[in-house]
Amino acid sequence: MRVYKRQMRCRSDIDRLNGQFLAIFDSLIPPEEEKAKQKQLLTLLEKLIIKEWPRARLYLYGSCANSFGVSKSDVDLCLAIEEPDINKAEVILRLADILQSDSLQNVQALTRARVPIVKLMDPATGISCDICINNVLAVVNTRLLGDYARIDVRLRQLAYIVKHWAKTRGVNETYQGTLSSYAYVLMCIHFLQQRRPAILPCLQGMEATYSVTVDNIECAYFDQVEKLRDFGSHNRQTISQLVWGFFNYWAYRHDYTDSVVSVRTGSILSKREKDWTRRVGNDRHLICIEDPFEISHDLGRVVDKFSIRVLREEFERAAEIMQYDPSPCVKLFEPY
Ligand code: GTP
Ligand code: MG
């Protein structure tokens, strides 16, 4: 690990970095024209799909819909077909066939993936997209994340910076044992729920105003978030302080042996109460992040003995940079 000779950065020094972090955040926001192009592609796909499945619906989910999408993100779509006993692989192949015969490019049917998808690129807009079938839980968790983002702008700022850091440092690769963007956003929500005073409430702990049952899971939470716009106003922490705090928490304060991060309860649970204390199959539970709806699902399950070290070293590197480096906004995002 790097050893810095410079003095520790004090709170007012950290505040001075605020403008730089906000400039990075602004530079990552997708321009309006990109949003318009996504809509254009969605309309085209809906037209093609409705001919084959008249009662199906196409939903946008993931970062294009949860407001955590940086410029040039791939578009995630979910085709919802309410027919009993559909064979997803067959639907994927049929869908790829239909899309192939239109003007779309690079249409691929990935029927054997953990989540089977059709991948494609639209030459008119230059947008790549993945379409999955009946993954309605993802549509609902997208909605929850989007609602949290509407409560306090600092969540969007923090999550953009953390996602940007994770991508440039190579720790946003689930197939290599590091965490998904979805997991990082949940870590940011949890972190802001834990500030004192809290910056975000726990929407699932409040009276439910939205409720839907998906795959036998009841998904319910308070969604009238326009009423919560002032929720975090008693906490004046700036984005640079929060970035510092986030990395400090994951580098030095999180109890990796016993803690589970839970946005659902707005608290930390113990691995014992979740029965996540040992390896079961490929799930190792070395860093535990509970899915807010599928509560038996640990988003850290992809992390193994090797990648947990990589992750923790990256959190420590980021925390050190925030504390001591003379130009943290450059160093933090240096490609690995
Ligand atoms: P980028 O594409 O990296 O900008 O981020 P993203 O927000 O699209 O995230 P990601 O690609 O990680 O996942 C896309 C969406 O799939 C998420 O927003 C979630 O809605 C959903 N998702 C991802 N991983 C899981 C998971 O393990 N369980 C569930 N239920 N949903 C997931
Ligand atoms: Mg995505």
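Residues numbered from 1 in each chain as written. Chains lettered and ligands numbered in written order. Predicted model: local features only at pLDDT ≥ 70, side-chain atom pairs only at ≥ 80, totals over all residues. Heavy atoms only, no water.

**Here we look at the sheet that holds strand E2 (residues 75-80)**
Rules: For two strands to count as paired, DSSP must find a minimum of two bridges between them. A run of DSSP states H or I qualifies as a helix once it reaches four residues; a run of E qualifies as a strand once it reaches two. Both are numbered from the N-terminal end. In this analysis, axes come from line fits to C-alpha atoms, helices being fitted only over the stretch in contact, and the angle between any two N-to-C directions falls in the range 0 to 180 degrees.
Strand order in the open sheet formed by five strands is E1-E2-E5-E4-E3, with mixed pairing between adjacent strands. Edge positions in the open sheet fall to strand E1 (57-61) and strand E3 (105-110), since each of these has one partner strand only. The sheet shows a mean angle of 20 degrees between the axes of neighbouring strands, taken without regard to direction. Bridging between strand E4 (residues 117-122) and strand E5 (residues 127-133) involves six bridges; their strand directions are antiparallel. Across the sheet, residue Asp-122 finds its bridge partner in E5, namely Ile-127.

**Examining the nonpolar core**
Spelled out, the test is: Only buried residues count toward a nonpolar core. Its members are Ala, Val, Leu, Ile, Met, Phe, Trp, Tyr and Cys residues joined through side-chain atoms within 4.5 Å. Burial classification: accessible surface area is computed with a 1.4 Å probe over protein chains only, and a residue below 20% of its type maximum counts as buried, one above 50% as exposed, and the rest as partly exposed. Just so you know, the domain bounds were taken from an automatic or database domain assignment. Any pair of residues with heavy atoms lying within 4.5 Å of one another is described as a contacting pair.
One finds Phe-21, Trp-165 and Phe-315 to be the most contacted residues of the largest nonpolar core, which totals 71 residues. Top element by residues in this core is helix H7 (residues 181-194). It accounts for ten residues. When residues of this core are assigned to domains, at least three fall in each of domain 1 (11-28 + 152-331) and domain 2 (32-137). Look past the residues within four positions of Trp-165 in its chain and what remains in contact with it is Val-171, Tyr-184, Phe-247, Glu-314, Phe-315, Ala-318, Leu-332 and Phe-333. Counting 27 residues, the second largest nonpolar core, distinct from the first, contains Leu-48, Leu-58, Ile-98 and Val-118.

**Describing the side chain of His-285**
Threshold: A 3.5 Å cut-off defines polar contacts: any pair of N or O atoms within that distance qualifies, except that in protein one atom must be a possible hydrogen donor and the other a possible acceptor, and neighbouring residues in sequence count only when both atoms are side-chain atoms.
Mapped onto the elements, His-285 comes out in the loop between helix H9 (271-274) and strand E10 (288-290). In terms of polar contacts, His-285 uses its side chain to reach the side chain of Asp-298, at 2.7 Å. Once residues within four sequence positions are removed from consideration, His-285 is found in contact with Lys-271, Trp-276, Arg-278 and Asp-298.

**Focus: the pairing of strand E6 (residues 210-214)**
Inspection of the sheet shows E6 paired to strand E7 (residues 217-221) by five bridges, in the antiparallel sense. By the bridge assignment, Ser-211 is partnered in E7 with Ala-220. Once E6 ends, the chain turns through two residues before running back antiparallel as E7, passing Asp-215 with a positive phi of about 50 degrees.

**Topic: the environment of Val-91**
Topologically, Val-91 is positioned in helix H4 (residues 88-100). The sequence separation of Val-91 and Ala-109 amounts to 18 residues, and the corresponding C-alpha distance is 9.8 Å. Setting aside residues up to four positions removed in sequence, Val-91 forms contacts with Trp-53, Leu-79, Ile-81, Ile-86 and Ile-133.

**Looking at the pattern of salt bridges**
Heads up, the rule is: A pairing counts as a salt bridge when a side-chain nitrogen of Lys or Arg comes within 4 Å of a carboxyl oxygen of Asp or Glu.
Under the defined criterion, the tally for this structure stands at 14 salt bridges. Ionic pairing is found between Arg-94 and Glu-52, a salt bridge with its closest N-O pair at 3.1 Å. One end of the pair, Arg-94, is in helix H4; the other, Glu-52, is in helix H3 (residues 32-52), and 42 residues separate them in sequence. When its relative accessible area of 36% is taken as the criterion, Arg-94 is described as partly exposed. Across the pair Arg-264 and Glu-290 runs a salt bridge, and its minimum N-O distance is 2.9 Å. One end of the pair, Arg-264, is in the loop between strand E8 (259-262) and strand E9 (267-270); the other, Glu-290, is in strand E10, with 26 residues separating them in the sequence. Looking at Arg-264, the relative accessible area reads 25%, which means it is partly exposed. Residue Glu-290 is classed as buried on the basis of its relative accessible area of 1%. If you follow the salt bridges from partner to partner, you end up with Arg-143, Asp-147, Arg-150 and Asp-223 in one network.

**A short note on the domain arrangement of the protein chain**
Many descriptions give the size of an interface as the accessible area lost when the pieces come together. Worth spelling out the cut-off: Summed over both partners, buried area is the accessible surface (1.4 Å probe) that two parts give up on being assembled. Think of it as three bins: nonpolar holds Ala, Val, Leu, Ile, Met, Phe, Trp, Tyr, Cys and Pro, charged holds Asp, Glu, Lys and Arg, and polar takes everything else, Gly as well.
By domain assignment, the protein chain separates into domain 1 (11-28 + 152-331) and domain 2 (32-137). Here the C-alpha centre of domain 2 lies 28 Å away from the C-alpha centre of domain 1. Listed per partner, the contact involves 14 residues of domain 1 and nine residues of domain 2. Approximately 970 Å² of surface area, both sides summed, lies buried where domain 1 meets domain 2, with 66% of it carried by carbon and sulfur atoms. When the buried area of domain 1 at its contact with domain 2 is split by residue, Tyr-160, Lys-163 and Val-214 rank highest and sum to 39% of it. Taken together, domain 1 and domain 2 are joined by zero salt bridges. Applying the counting rule to domain 1 against domain 2 returns four residue pairs in polar contact (both at pLDDT 80 or more). Listing elements by their share of the side of domain 1 that touches domain 2, those giving two or more residues are helix H6 (153-168) and E7. Looking at which element gives the most residues to the side of domain 1 that touches domain 2, the answer is H6, with five residues. Counted by class, the side of domain 1 that touches domain 2 contains nine nonpolar, no polar and five charged residues.

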